[in-house]
Amino acid sequence: MLGEGGYGSVFEGKRLEDGLEVAVKIARKPKDMKYIHIAGHPAPLPLEVGLLILVNNGPKVPEIIELLDWQDQPDQYILVLERPSPCKDLWDFLNFHDGTLNEDTARFIMTQTTMAAHVCCRRGVFHRDIKLENLLINTETYEVKLIDFGCGDLLQESGYEKFRGTVDYRPPEYRTEGKYHGKPATVWSLGVLLFLLVCGRFPERRDRRMIDDNTWSMPGLSNECCRLIRSLLQESPRQRIDLGEILQHEWFKDTE
């Protein structure tokens, strides 16, 4: 078994036709199971299945896990997914490296994760749970893949009034306004992720006050990294950097 949660379980598997190593996710259907209609599929699809089909529709994106096959059953649905090897989730990887990464490694990971988030939104998918545990990293090449679309939804222009995901990555506007929008919320989660990678902890209230005042910095971090964190973690979603502009930030141009 590779993992287990409230959604169901993920197992190691092998495709019989060619011996390809895969991951098999067996997800239980809740009573309020959401289905979506997708062009080319006559029957409505379980939401997670539909999101994976959408995000895999087009040129393959190596930063996003690939859906190889799926099956719908009365009480559950089954996903057959690619299984990169050797790999571990980013939470375990970070702990193995004593809780923080140098900026070069963090930059390589953030480049891939930001690309994955951007492609998701461009293909109409709001992942809604970008976090350490939902990123697999190849421990030899440091290639990253975004996994687990179980909390996701279709990207919509209007705000979301129900939060699904992980509380530690929740955008502050949901607490203050009771709703949030997909792209700014994605930017916030990327900011929390970068903060964790280079600081080794979640941003605290004092950090967030200083970030909002544009006075926050951290000893040992470059000015460009601190500026990017301040751009990602602005309390007001209107003040955050645009998702499509993140990879143009000066920090990503620094490869020394």
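The structure presented is a predicted model; accordingly, all values stated were derived computationally and were not measured.

Each value, and the rule that gives it
Residues numbered from 1 in each chain as written. Predicted model: local features only at pLDDT ≥ 70, side-chain atom pairs only at ≥ 80, totals over all residues. Heavy atoms only, no water. Pairing = 2+ DSSP bridges. Helix = DSSP H or I, 4+ residues; strand = E, 2+ residues; numbered from the N terminus. Axes fitted to C-alpha atoms, helices over the stretch in contact; angles between N-to-C directions. Contact = heavy atoms within 4.5 Å. Polar contact = N/O pair within 3.5 Å; in protein donor to acceptor, adjacent residues only side chain to side chain.

> So what about the sheet that holds strand β10 (residues 135-138)? Which residues, and what values?
What the three strands build is an open sheet, ordered β8-β10-β11; its pairing is antiparallel. Looking at strand neighbours, the two that pair on one side only are β8 (87-89) and β11 (144-146), the edges of this open sheet. For this sheet the average axis-to-axis angle between neighbouring strands, irrespective of direction, equals 25°. Where β8 lies against β10, three bridges are found, and the strand directions are antiparallel. Paired with cysteine 87 across the bridge in β10 is asparagine 138. Along the sheet face, helix α3 (residues 103-122) touches β10 and β11 and points at about 30° away from the line of β11.

> Help me get a handle on the environment of threonine 186, residues and values and all.
Along the chain, threonine 186 turns up in helix α5 (residues 182-199). Here the alpha-carbon distance between threonine 186 and aspartate 129, two residues 57 residues apart in the chain, equals 8.5 Å. In this view, threonine 186 contacts Ala117, Cys121, Phe126, Ile130 and Leu243; residues no more than four positions away in its chain are not counted. Looking at threonine 186, its side chain comes within polar contact range of the main-chain oxygen of glycine 182, at 2.8 Å.

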